[in-house]
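# A closer look at the structure
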Amino acid sequence: MKNFKFQSYIGASLFVATFATSCKSDFDKVTPGAPPVSTNVDYKVPKVLYIIADGARGTSVRDAESINIKSLIGNSIYTWTGLADTTKTDATNWADMVTGVKKEKHGVISEDFVGNKLTLYPSIFTRIKATNPKLRIASFASSEVFKTKLTGGTDISESFAGNDDATKTRMVEFLKTDTAALVLGQFTGVQTAGKASGFDNSFAPYKAAINAFDAKVGELVAAVKARPTYAKENWLVIITSNRGGKFTLPANLDDKTVFSNTNANVFTVIYNPSFKPTFVGKPFLGNSFAGSAVRYKGDPERTAGITAADKSGNFNFGSNTNFSVSVKVKKGYTKNRSRGDYFYQWPSILGKRANSGWGEGNPGWDFSLFYNGWRFFASGGPNWGGGTEIGGLDFSGDTWHDLTVVIEKKADGFKYVRVYTDGVLGTTNRNGGSSATPSATEVRLDGQPNFDNNAPVRVGYSPGEIDGDFGNINISLAELKIWKVALPDAVVKQYACDPTMDSSHPYYDFLVGYWHLNEGSGSSMKDLGPFEANMTLQGTYAWESFTDLLCSPTVTALGNLVPKNSDLPAQIISWFNIPRQESWALDGKVWISN
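Predicted model, so just to flag it, every value in this text is computed and none were measured. (Residues numbered from 1 in each chain as written. Predicted model: local features only at pLDDT ≥ 70, side-chain atom pairs only at ≥ 80, totals over all residues. Heavy atoms only, no water.)

### Quick notes on the pairing of strand β4 (residues 156-159)
Our working definition: Two strands qualify as a pair provided DSSP detects at least 2 bridges between them. By definition, any uninterrupted DSSP run of H or I lasting at least four residues is a helix, any uninterrupted run of E lasting at least two residues is a strand, and each is numbered from the N terminus. Seen with its strands pointing away from the viewer, a crossover is right-handed when the path leading from the first strand over the helix to the second is clockwise.
Direction of pairing for strand β3 (residues 137-141) relative to β4: parallel, over a ladder of four bridges. Note that in β4 the partner of A141 across the bridge is S159. Considered for its hand, the β-α-β crossover made up of β3, helix α8 (residues 144-150) and β4 is right-handed.

Here it is as structure tokens:
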């Protein structure tokens, strides 16, 4: 069973990696191809109809009648569980959909577009015109803001004061005879209905708005097919939503991953008569994990579990002994969510140290939350100054993840650190790595590090380096293990996503501490290791039962497995046989029919 889970997890990882490295081949496959050399074959002119429905939740579109949209899926790449940006901002998602890059690049993070970088990352309309000025582009938007801010580079750009019917009527007339290669339509009616009633088909006005949009899609597609030149044209029709909307899912439908974020749930249909039906459903979301855990919080609760002082020495390993530490963690919302729901700055969640953060004379180690990921922080020993940090990969919130650190002294006399997130090795701030492109390597520690101290092993709150509300923890912890050995890479990967551990684990006999942290009540948490270093809870705390997922992929990883908003510009550019320039730094990938 353990091997099976390991193989399925790594398979998903390899799938992501394969897409990342095969972008060019996918790009070539989806394009309609260059004009044939033979004069006996007519080359069909590529055209694109790009239709955006604001606020249309993917699963609601699926469950509504949507007869016109569904009539296309027999020749489409399609999904009802695509992903928008999670910021709940229309402008951010619109920008994703017309630039092909995410907010980290285009800088549109608010509805007023303040601080945007659209001059550096302009719309694909501008990219297309710079490459082929002869291609005619038209945009018809219900929203004046969309027209004003995001349609630079178009030949025609019109808006209709929130009137979807007027937008549709103008587009139908335009499509009858105009030569435009790319025609975009943006509609607001579904979102307007959702804001007034609720973003779910259980609200009659919202469902009616989806079906009204679907009727408009039917008229627009019919207008394309009725064109006198249609037989000589090769139309790609993209129908999608910029984002979903707020709705509380029933408990049995909430998997606590990004797929249960109703604001980010979109649908995408990419249609061409030559496509075979290609349905993109939810990918593997993680293993099942159930139990009970304490919710550890920062100020004023200061929730922590602490071992007794006389047990401290059992977890000191000196300068020569290898050791490994592993824990399961589930992040809750940070106290200040202005930078994201799970964005933290620096708070320790686990360690053996008097205080977390930088500073000489404070030996020990910590697992700390860092932005959307984490870091291993350590200090102590000659020539170490204030310490060192090694960044771990990002991981999603409100589901469980495994964080593991291995410290190993090698034959060259140096200590090396390997940092794993859900069994995946990666460092983000060493050896040329970054959060976007982690460097999968171990890190050598200079000098002669020695982390020994008199501090207890601790879970939860620690005083020290905390950035205000961004450092106020709100987490659950489980399955803390400390081994007096350096776990091999393959063993970490194989067992990281197992909910618990038993004697079948090849390094079970090397445990010096093992806390399930799942008692469910009381103030004591038992250590199953040889030193029986039980933890005592301090501060304000509460036990919570949970049934969740373990090792869920990150939003970024999941975005490679289902269509996302920033993919669509890349899809359009490829359809026009326009070479993808590296300088454009597009974030999207091209989806191909099976």
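### Remarks on the nonpolar core
To keep things clear, this is the line we draw: Among buried residues, the Ala, Val, Leu, Ile, Met, Phe, Trp, Tyr and Cys ones that are joined through side-chain atoms within 4.5 Å form a nonpolar core. We call a residue buried when its accessible area falls under 20% of the maximum for its residue type, exposed when it is over 50%, and partly exposed in between, using a 1.4 Å probe and counting protein chains only. Only heavy atoms matter for contacts: two residues are in contact if any of them lie within 4.5 Å across the pair.
Counting residues in each nonpolar core, the largest one holds 50 residues, and the members touching the most others are V48, Y50, I128, L150, L182, I572 and F576. Excluding its chain neighbours within four sequence positions, the residues that come into contact with I572 are V48, Y50, I124, I128, L182 and I238. Membership of the second largest hydrophobic core comes to 44 residues, among which are Y344, I473, I475 and L480.

### A look at the side chain of D178
Considering the arrangement of structural elements, one finds D178 in the loop between α9 (164-177) and β5 (182-187). When neighbours within four sequence positions are excluded, D178 is seen to be in contact with R136 and R227.

### Quick word on the pattern of salt bridges
Applicable threshold: For salt bridges, the criterion is a side-chain nitrogen of Lys or Arg within 4 Å of an Asp or Glu carboxyl oxygen.
One pass over the structure, following the stated rule, counts 30 salt bridges. Here D85 ties to K103 by a salt bridge, and the two come within 2.8 Å at their closest N and O atoms. Of this pair, D85 sits in the loop between β2 (76-83) and α5 (90-99) while K103 sits in helix α6 (residues 103-106); the two residues are 18 residues apart in sequence, bridging distant segments of the chain. For D85, a relative accessible area of 11% gives the class buried.

### Some words on helix α10 (residues 189-196)
Keep this limit in mind: By construction, the arc corresponds to the directions joining the helix axis to the C-beta atoms.
Taken as a whole, α10 has its buried residues at V190, Q191, A193 and G194. Around the axis of α10, the buried residues are gathered within 160 degrees of arc, so they sit on the same side. Of the exposed residues in α10, the ones pointing more than 90 degrees away from its buried face are T192, K195 and A196. Lining the buried residues of α10 we find α5 and α11 (204-225). At the exit of α10 stands G198, carrying a positive phi of roughly 150 degrees.

### Details of the state of the cysteines
Stated formally: The criterion for a disulfide is a pair of cysteine sulfur atoms lying within 2.5 Å.
Applying the stated criterion to the full structure yields one disulfide. A disulfide bridge connects C497 with C551, and the sulfur atoms are separated by 2.0 Å. The sign of the S-S torsion, about -100 degrees, decides the handedness of the disulfide formed by C497 and C551: left-handed. With C497 in the loop between α12 (489-495) and β22 (511-515) and C551 in the loop between β25 (543-550) and α13 (555-559), this pair connects stretches of sequence that are 54 residues apart.

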